Amino acid sequence: MAFLRKEMATKRVKKLPSFIVMDILEEANRLEKEGVEVIHLEIGEPDFDTPDFVKEAAISAIRQNITHYTDTQGLTELRDSISEYFLIKYGVSVKPQNIIVTLGTSPALFMALSGLIEKGDEVIITDPGYACYKNVIEFVGGVPVTIPVYDDEGYAIDTERLKKSITKRTKAIIINSPANPTGSVLSKENLKEIAVLTEKHGITVISDEIYHGLNYEGKDHSFLEFNEKCIVINGFSKLFAMTGWRLGYIIIPDELLQPLKRVHQNLFICAAGFTQVAAVKALKEGEEFVQEVVAEYKRRRDYLVPELRRIGFDIKTFPKGAFYVMAGIKNFQLDSLSFSKLLLRKAGVAVTPGIDFGANGEGYVRFSFANSIENLKRAVQKIENFLNEGGTK
Ligand code: PMP
């Protein structure tokens, strides 16, 4: 008897794209297995280790058996610390009951979108922008609508363009400052304009503040300073070099709190207790560590960007935050994926093709300066040799 063969995977999961940079990573791994040295400037995570005092706090918490489920919203102590941090850093008052501690910023993004988006609702994002935004919007049934941001405009969000992209179906906008992949920081004025416009149209702002603290020029502004009804997502991955710990949080207005709490209960139950104890330490005692790493990232940026310009990359916006720079490759007559592949094969330097971040990222590659200054120097030398040898011709 013939059985009906049913497709196992849904259209939804089949449609979910992987990052194009994975191609580069695969190729890098292959080369490394062959014994070729690769300098990794494609990776979006701190090269620093989690500071010892944070690790010790987690170890001690495990010894004290803080290994059980916690409240789904997270430990009161951590939510109190986050609330205190927002008051000190931004002067905004966040009630601990409006915070849910999550397993990183990624689940917080998923929760925000799953709470806001009905099928067909539109969500505005920038192009270029963080690749996951578009994918998660589509995953929850929404429609991503992109607005371009440009190198020669400092990657600011132009409010005229934003206005034009708003329709009756626009439900939310995701902003990300300091930004991945551009390293740009939206000015206070730009944030205010976005707040006025979105409020007028009843659009919810999801502010991804994961790179806050990694700001080399000025002061960060939480979007909560401009609209208390926005959703903030953030985490411990970047600022405290805790990517593998999987810890973040979402700050939600009252209206969405109970539904999102239920999403969190059903999908995740809670974040690990001992990581939460360690995060309290990071928030309360992490200032010195943060200052050191910020100074080091700044040093690397100040070295790398002028050097890339010198060897032929076109960079109009000097990055002000995060640890990325988008470098224009128009002088090299190749698309971003071909350029990245060739650079890896011929020079042993891995970068992320700009197309990974949207159509408007084409013509650029993203360099991450979350790597030592020695490696950056060696990478520049290798790229320069490659270009001098007519590598892309
Ligand atoms: N948002 C942005 C803009 C990111 O670059 C990243 C990580 N690359 C995340 C969110 C997710 O971070 P995590 O889940 O580690 O907190």
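Residues numbered from 1 in each chain as written. Predicted model: local features only at pLDDT ≥ 70, side-chain atom pairs only at ≥ 80, totals over all residues. Heavy atoms only, no water.

1. With respect to the overall build of the protein chain
No. 1: A tally of helices and strands in the protein chain yields 13 helices and twelve strands.
No. 2: Taken over C-alpha atoms, the radius of gyration comes to 21 Å for the protein chain, in line with the 21 Å a tight globule of 393 residues would show.
No. 3: If you line up the protein chain on its principal axes, its C-alpha atoms span 65 × 60 × 50 Å.
No. 4: When the 393 residues of the protein chain are sorted by exposure, 55% land in the buried category.
No. 5: Of the contacts made within the protein chain by residues no fewer than 6 positions apart, 74% connect residues no fewer than 24 positions apart. (Helix = DSSP H or I, 4+ residues; strand = E, 2+ residues; numbered from the N terminus. Rg over C-alpha atoms; globule rule 2.2 N^0.38 Å. Buried < 20%, exposed > 50% of the residue type's maximum accessible area, 1.4 Å probe, protein only. Contact = heavy atoms within 4.5 Å.)

2. Some points on the pairing of strand 8 (residues 248-251)
No. 1: Burial of strand 8 is two-sided: the residues Gly 248 and Ile 250 facing one way and the residues Tyr 249 and Ile 251 facing the other way are all buried.
No. 2: Sheet topology places strand 2 (residues 99-102) next to strand 8; four bridges connect them, and they run antiparallel. Looking at strand 8, one finds that Val 101 is bridged to Tyr 249.
No. 3: Bridging between strand 7 (residues 231-235) and strand 8 involves four bridges; their strand directions are antiparallel. Looking across to strand 8, one finds that Asn 234 is bridged to Tyr 249. (Pairing = 2+ DSSP bridges.)

3. Brief notes about the domain arrangement of the protein chain
No. 1: In terms of domains, the protein chain is made up of domain 1 (11-49 + 288-388) and domain 2 (52-285).
No. 2: Between the C-alpha centres of domain 1 and domain 2 there is a distance of 25 Å.
No. 3: Of the residues lining the interface, 39 residues belong to domain 1; the matching set on domain 2 comes to 35 residues.
No. 4: Where domain 1 meets domain 2, there are one salt bridge.
No. 5: Put simply, Glu 217 and Arg 301 hold a salt bridge, and the shortest N to O gap is 2.7 Å.
No. 6: Linking domain 1 to domain 2 there are 17 residue pairs in polar contact (both at pLDDT 80 or more).
No. 7: Within the residue set of the side of domain 1 that touches domain 2, elements represented by two or more residues are helix 1 (11-15), helix 11 (287-310), strand 9 (324-328) and strand 12 (364-368).
No. 8: Sorting elements by how many residues they give to the side of domain 1 that touches domain 2 places helix 11 first, with eight residues.
No. 9: Its residues placed into classes, the side of domain 1 that touches domain 2 shows 22 nonpolar, six polar and eleven charged. (Domains from an automatic or database assignment. Salt bridge = Lys/Arg side-chain N within 4 Å of Asp/Glu carboxyl O. Polar contact = N/O pair within 3.5 Å; in protein donor to acceptor, adjacent residues only side chain to side chain. Nonpolar A, V, L, I, M, F, W, Y, C, P; charged D, E, K, R; others polar.)

4. Thoughts on the sheet that holds strand 9
Pairing between the strands of a sheet is mediated by backbone hydrogen bonds and can be parallel or antiparallel.
No. 1: Pairing within the open sheet is antiparallel, and its three strands lie in the order 9-12-11. What marks the edges here is a single partner per strand, and that holds for strand 9 and strand 11 (352-353).
No. 2: As defined by bridge partners, strand 9 adjoins strand 12 across five bridges and the pair is classed as antiparallel. Following the sheet pairing, Val 325 is matched in strand 12 by Phe 367.

5. Considerations on the packing of helix 3 (residues 52-63) against helix 10 (residues 273-285)
Pairs of packed helices are described in terms of their axes, by the angle between the two and the distance that separates them.
No. 1: One can describe the packing of helix 3 onto helix 10 by two numbers: an axis separation of 8 Å at closest approach and a directional angle of 145 degrees. Once helix 3 is placed against helix 10, the crossing between them reads as right-handed. Facing helix 3, whose interface residues are Phe 53, Val 54, Ala 57, Ala 58, Ala 61 and Ile 62, helix 10 presents Phe 274, Val 277, Ala 278, Lys 281, Ala 282 and Glu 285.
No. 2: Grouping the constituent residues of the contact of helix 3 with helix 10 by class yields ten nonpolar, no polar and two charged. (Axes fitted to C-alpha atoms, helices over the stretch in contact; angles between N-to-C directions. Left-handed = near helix turned anticlockwise from the far one by under 90°.)

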